[in-house]
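One letter stands for each residue in the lines below.
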Amino acid sequence: MAQRLINRRAVLCVVAGLGAFASSVSFAADSVTVFLGTTPDYANLYVARDKGFFEKEGIKLDVRLFPSGSAATDGFRSGKVEFVASGEIPAMRLCEVMNAKIVAPTGYDGFSPVLMVKSEIKSVEDLRGKTLGTRIGSSGEFFADLLQKKFDLPPGTFKLTNMEPADMVAALDRGDIDGFLWFSPFEERSATISGSKVRLLLRGGEVGYTNEVTLVARGDLIAENPDLVKRFMKALVQGSDYAQANRDETVNIVAAALKLDKKAAEVTKQMHFPIRFDARTYERYGQAAEFMLAKKMLPKPLDFKTCFWTDGVASADPTRVETR
C-alpha cells in the first residue's frame, strides 16, 4: 500500500511538472522588434507597451530608434525586423521594393509638421531662392510640394537639401540653410538653440498637409505568422484608444520614452490615433501615391489592394475597416 501511494505521488508530481512546463511554453512571449523615428507621433506604440497591452497579447516589444522614420525604413530593408513605423511615403515605397505591407495607419495630424526658418523670413514669398532642409524621399518632400501649390510658387522657387532632423537644427543655427521642413518637437529644439534667430513660419495644416504615421510589416511575416500580426494590432488598437482617452498620461509616457521635456511632448494632444482604414485614409494616401508617381519614386501606380493588409485591424475591430 505504501509503495502504491509513493508511486501515485510520483506520477502526480510528473504530471504537475509537465503541466507547468506546457503552461510556460504556451505563454512564452514572442519577441518583436519595431523600428521608429524619434518624434512623439508614435505615442500609441509607447502607450500600448507601457500599459501592458502587448504583454497581454503575448508580445515582448523591443523599440529601436532612428533619426527619422525614413532612416528607420532604410534599416528595415536590410534586416529581419518585424515592423517599422514611418511616414506614408517611405512606407509605400516598402510595398514596392520589398513586398512589405501597410498593416495600419496609426495616426495623423496637421499640427506637428513645421516649417522653421530664419527670423528675417516673414512670409512664404521670402522663400524665393532659399535653401530648405528636409529628408529627401520622406513625407517632408510632399509637404514642400503642397506648400508650393498652396501659394502658387513655381517649381524651383526654393531648393531642398537632404538632411537628418538633428542636422537641420544645427545647420539652421549656423545659417547654412534658410529653414527646414520637419516635425515636432524639432521646432522646439530649434527655438531653444537659436532663440530669436529663427521663427516658425507655418504648420502643415495651413497648406493641407497632414503627417501620416504608418505601420508596416514584412510580407513574409504576414504569410507565415498572421496570428502574431493580428495580436500586435489588437494591442496597438488598445493603446491607441487609451492614448486618445488619456491625453495627459500619454504626454507623460511619451516624454519619458523619448527623454523630452513635458512641453515638447504636449504636441501629442494635437494628434489623432484612430487606427482606421477609412475614406480619409484612402484619399490621403492616394494623394501621396500620386505625388510619388510624379516624382518617379514609384515605377507604376500603387495597388492598394496588395499594399494594404487590413486583416489585422479587422481582427481587432471590424468597424475600423471600410471597403474601398
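Please read these numbers as outputs of a predicted model, since none were measured by experiment.

Rules behind the numbers
Residues numbered from 1 in each chain as written. Predicted model: local features only at pLDDT ≥ 70, side-chain atom pairs only at ≥ 80, totals over all residues. Heavy atoms only, no water. Helix = DSSP H or I, 4+ residues; strand = E, 2+ residues; numbered from the N terminus. Buried < 20%, exposed > 50% of the residue type's maximum accessible area, 1.4 Å probe, protein only. Contact = heavy atoms within 4.5 Å. Areas by Shrake-Rupley, 256 points an atom, 1.4 Å probe, with all protein chains shown as cover. Lys, Arg positive; Asp, Glu negative; His and termini not counted. Charge placed at Lys NZ, Arg CZ, Asp CG, Glu CD. Pairing = 2+ DSSP bridges. Axes fitted to C-alpha atoms, helices over the stretch in contact; angles between N-to-C directions. Disulfide = S-S within 2.5 Å. Right-handed = clockwise from strand over helix to strand, strands pointing away.

### A closer look at the overall build of the protein
Moving on, step 1. The helix and strand tally for the protein stands at 15 helices and 10 strands.
Moving on, step 2. Out of the 324 residues belonging to the protein, those deemed buried represent 53%.
Moving on, step 3. Restricting to contacts in the protein with at least 6 residues of sequence separation, those with at least 24 account for 80%.
Moving on, step 4. As presented, the protein carries roughly 14700 Å² of accessible surface, and 52% of it is formed by carbon and sulfur atoms.
Moving on, step 5. Averaging the coordinates of the 43 positive side-chain charges in the protein and doing the same for the 41 negative ones gives two points 4 Å apart.

### Things to note about the sheet that holds strand E4 (residues 101-109)
Whether parallel or antiparallel, the strands of a sheet pair through hydrogen bonds between backbone atoms.
Moving on, step 1. Sheet architecture is open: 5 strands sit in the order E2-E1-E3-E10-E4, paired in mixed fashion. In this open sheet, the two strands that pair with only one neighbour each are strand E2 (59-65) and E4. Looking at each pair of strands side by side, their axes are set apart by 20° on average, direction ignored.
Moving on, step 2. Pairing of strand E1 (residues 30-36) with E2, which is carried by 7 bridges, proceeds in the parallel orientation. Following the sheet pairing, valine 32 is matched in E2 by leucine 61.
Moving on, step 3. Its contacts with the sheet put helix H2 (residues 43-50) on E1, E2, strand E3 (83-87) and E4, and the angle it makes with E2 is roughly 140°.

### With respect to the environment of arginine 49
Moving on, step 1. Of note, arginine 49 is situated in helix H2.
Moving on, step 2. For the pair arginine 49 and threonine 281, spaced 232 residues apart in the sequence, the C-alpha separation amounts to 25 Å.
Moving on, step 3. If we ignore the near neighbours within four places in the chain, the residues touching arginine 49 are Phe54, Leu61, Val63 and Ala257.

### A few points about the state of the cysteines
Moving on, step 1. Scanning all chains against the criterion turns up 1 disulfide.
Moving on, step 2. Covalent S-S linkage joins cysteine 95 and cysteine 307, the inter-sulfur distance amounting to 2.1 Å. Residues cysteine 95 and cysteine 307 are joined by a disulfide whose S-S torsion is about 65°; by sign, that bridge is right-handed. Of this pair, cysteine 95 sits in helix H5 (residues 88-98) while cysteine 307 sits in helix H14 (residues 304-307), and the two are 212 residues apart along the sequence. Summarising the burial analysis for this pair, cysteine 95 and cysteine 307 share the class buried.

### Points about the pairing of strand E6 (residues 131-134)
Moving on, step 1. Looking at chain direction, E6 and strand E7 (residues 159-162) are connected through 4 bridges and run parallel. Considered in E7, the bridge of threonine 131 is made with lysine 159.
Moving on, step 2. For the segment spanning E6, helix H6 (residues 139-150) and E7, crossover handedness is right-handed.

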